[in-house]
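The lines below spell out each chain.
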Amino acid sequence: MTDGDLNYQIDFETDDEIGTLIKSFNSMTKELATGREQIALSGEMLKQQNAELEKSRQYIEIVLKNISAGVISIDNKGTIMTINKAAESMLDINSRDILNHNFKDVLKNDYLKIANKINTQVAQGQETLKIPLSATVSGAPKHFFLNFNTLKNDQDKNVGAVLVFDDVTELEKAQRVAAWREVARRIAHEVKNPLTPIKLSAQRLKRKYGKEINDDVFTSCADTIVEHVDLIKNLVNQFAAFAKFPDANVTQCRIENIVLETIALYREGLENVDIKSRFAENIPMLKLDQQHMKQAFINLVDNAVYAVNKKGTILIDISYDEILKIVRIEIADTGKGISDKEKTKLFEPYFSTKKSGMGLGLAIVHSIISDHNGVIRVQDNKPEGAKFIIELPAYS
Ligand SMILES: Nc1ncnc2c1ncn2[C@@H]1O[C@H](COP(=O)(O)OP(=O)(O)O)[C@@H](O)[C@H]1O
Ligand SMILES: [Mg+2]
């Protein structure tokens, strides 16, 4: 009985005091037994409820893990309570470093400014906020769209906030390029047509009256017109290439060959620039417009050659992700690198830091890659220089 056998009953009947004692002993053990059963029962129920809670917690976690938007929640003191996988990868942070910390302690620079802005507006009674945010994440420029919502419990009490955000970098880039393409298309169209008659007229004037007038000013003016018309034509042609009038001519081909052909163009005359290539063995054939793709690589290698300024290494690496079915081409150089501010403008037409640069090279590259349903982005190369990364889908 000392071991806890509460079913023990003393089987003895008398009417005296001992009998009363035995009776009360028996009823006490009975009560204890039911009490213990009840405790066991409620314990069982608690266990079940806990399991259910755990199940729904896991379920919420799985949902959060698998949505493509970044989700971060904080409690009403500003402590970061949850952060999902998408948020971790978009911001290139590890949840371990920020979970259970106050956002004020883990946020820096731009992020802290945004957080403080949100804080003030929440203090003024705003419950939802939509904010565009540009930031540099691990050396790559990013545009996010933030949705901020305060969380209320059943009693309408503030229990914290949730931040949902999307990476709209590619979307914005594509929109800007599309707008520029339209501009380029119009300019090319309007400017190109009158150029040929202007040039022909100047040539005719020179031919017809050149000898008769026999005046240096006359001849040199006519020559200047012809020369500058050619310059404008060249410009318009670049615009046209950017707006891409000719339709893509897509064939099955090996991207490795296009890269090798591009590198061959630079073999001569660059003594201290080492252009290397490294190809994985499992690269599939791709459906590409060879001409356009080569143009894209030429533009990229051109920039890299310029950036290393006669001395350095350029490495073109091609790999294939068999699970995602994506061919990844990295063009890395050991040149002067690109500042974060420049990175945000790089792919826009007319952005150039070179004296005689047109700034159309990367805009053209971007539109060629987009036409192949691919993406291109830039990041810092380690330990120095710039790295352009192209990802192309491989359709079987
Ligand atoms: N590999 C690189 N390293 C450093 N800066 C680069 C690199 N590629 C491009 N850039 C920068 O991007 C700008 C735009 O390039 P691009 O569109 O090709 O125009 P352009 O070459 O005519 O200047 C360049 O002026 C340069 O500042
Ligand atoms: Mg260029």
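Being a predicted model, the structure only gives us computed values, none of them experimental. (Residues numbered from 1 in each chain as written. Chains lettered and ligands numbered in written order. Predicted model: local features only at pLDDT ≥ 70, side-chain atom pairs only at ≥ 80, totals over all residues. Heavy atoms only, no water.)

Describing the overall build of the protein chain
- Helices and strands together make up the secondary structure of the protein chain, namely 11 helices and 12 strands.
- Relative to the globule expectation of 21 Å for 396 residues, the C-alpha radius of gyration of the protein chain, 36 Å, shows a markedly less compact shape.
- The dimensions of the protein chain, computed from C-alpha atoms along their principal axes, are 155 × 55 × 35 Å.
- Residue burial in the protein chain is summarised as follows: out of 396 residues, 34% are buried.
- Across the protein chain, contacts joining residues at least 24 apart in sequence account for 59% of those joining residues at least 6 apart.
- When the accessible surface of the protein chain is split by element, carbon and sulfur atoms take 53% of a total near 25200 Å². (Helix = DSSP H or I, 4+ residues; strand = E, 2+ residues; numbered from the N terminus. Rg over C-alpha atoms; globule rule 2.2 N^0.38 Å. Buried < 20%, exposed > 50% of the residue type's maximum accessible area, 1.4 Å probe, protein only. Contact = heavy atoms within 4.5 Å. Areas by Shrake-Rupley, 256 points an atom, 1.4 Å probe, with all protein chains shown as cover.)

Brief notes about the nonpolar core
- Core analysis: the biggest nonpolar cluster contains 53 residues, and Ile255, Phe297, Ile329 and Phe388 have the highest contact counts within it.
- Ranked by the residues each element gives to this core, the list is headed by helix α9 (residues 290-308), at 8 residues.
- If you count residues domain by domain, this core takes at least three from each of domain 3 (179-243) and domain 4 (250-393).
- Apart from the residues lying within four places of it in its own chain, the contact partners of Ile329 are Ile255, Phe297, Ile316, Asp317, Ile318, Phe388, Ile389, Ile390 and Leu392. (Core = buried A, V, L, I, M, F, W, Y, C linked by side-chain atoms within 4.5 Å. Domains from an automatic or database assignment.)

What to know about the site of ligand 1
- Contacts to ligand 1 come from 19 residues, most closely from Asn303, Asp333, Ser352, Thr353 and Lys354.
- The separation between an oxygen atom of ligand 1 and a polar side-chain atom of Thr353 is 2.4 Å.
- Gly359 has a polar backbone atom sitting 2.9 Å from an oxygen atom of ligand 1.
- Relative to its free-state accessible area of 530 Å², ligand 1 is covered by the protein chains to the extent of 95%.
- Counting only elements with at least two residues in the shell around ligand 1, the list comes to α9, α11 (361-371) and β12 (386-393). (Near = heavy atom within 4 Å. Polar contact = N/O pair within 3.5 Å; in protein donor to acceptor, adjacent residues only side chain to side chain.)

Regarding the packing of aromatic side chains
- The final tally for this structure, using the stated rule, is 2 aromatic pairs.
- Measuring from ring centre to ring centre gives 5.9 Å for Phe144 and Phe165, while their planes differ by 85°; the resulting arrangement is edge-to-face. Of this pair, Phe144 sits in strand β4 (residues 140-152) while Phe165 sits in strand β5 (residues 158-167); the two residues are 21 residues apart in sequence, bridging distant segments of the chain.
- On the basis of relative accessible area, Phe144 is assigned to the buried category, the value being 2%.
- Among the residues examined, Phe165 registers a relative accessible area of 3% and is labelled buried. (Phe/Tyr/Trp six-rings, centres within 6.5 Å; stacked < 30°, edge-to-face > 60°.)

What about the domain arrangement of the protein chain?
- Domain boundaries in the protein chain define domain 1 (1-66), domain 2 (68-167), domain 3 (179-243) and domain 4 (250-393).
- Taking the mean C-alpha position of each, domain 3 and domain 4 sit 33 Å from one another.
- At the interface, 7 residues of domain 3 touch 8 residues of domain 4.
- Both faces considered, domain 3 and domain 4 share a buried interface measuring about 790 Å² in area, 72% of it formed by carbon and sulfur atoms.
- Summed over the shared surface of domain 3 and domain 4, the number is 0 salt bridges.
- Applying the counting rule to domain 3 against domain 4 returns 0 residue pairs in polar contact (both at pLDDT 80 or more).
- If you tally residues by element for the side of domain 3 that touches domain 4, the top one is helix α7 (residues 216-243), at 5 residues. (Buried area = accessible area lost by both parts, 1.4 Å probe. Salt bridge = Lys/Arg side-chain N within 4 Å of Asp/Glu carboxyl O.)

Observations concerning the sheet that holds strand β7 (residues 273-279)
- Spatially, 5 strands are ordered β7-β9-β10-β12-β11 in an open sheet, and the strand pairing comes out mixed. Every interior strand has two partners, whereas the edge strands, β7 and β11 (375-380), have only one. The sheet shows a mean angle of 15° between the axes of neighbouring strands, taken without regard to direction.
- Here strand β9 (residues 312-321) pairs with strand β10 (residues 326-333) via 8 bridges, running antiparallel. The residue bridging Ile314 from the neighbouring strand is Asp333, located in β10.
- Docked against the sheet, helix α8 (residues 255-265) engages β7, β9, β10 and β12, running at close to 170° with respect to β7. (Pairing = 2+ DSSP bridges. Axes fitted to C-alpha atoms, helices over the stretch in contact; angles between N-to-C directions.)

Observations concerning a nonpolar patch on the surface
- A cluster of nonpolar side chains, contributed by Tyr59, Ile60, Val63 and Ile67, occupies part of the molecular surface with about 380 Å² of accessible area.
- Locating Ile67 in the fold gives a position in the loop between α1 (17-66) and β1 (70-75).
- A relative accessible area of 35% places Ile67 in the partly exposed class. (Patch = residues over 30% accessible without salt bridge, like charges linked within 9 Å, V, L, I, M, F, W, Y side chains within 5 Å.)

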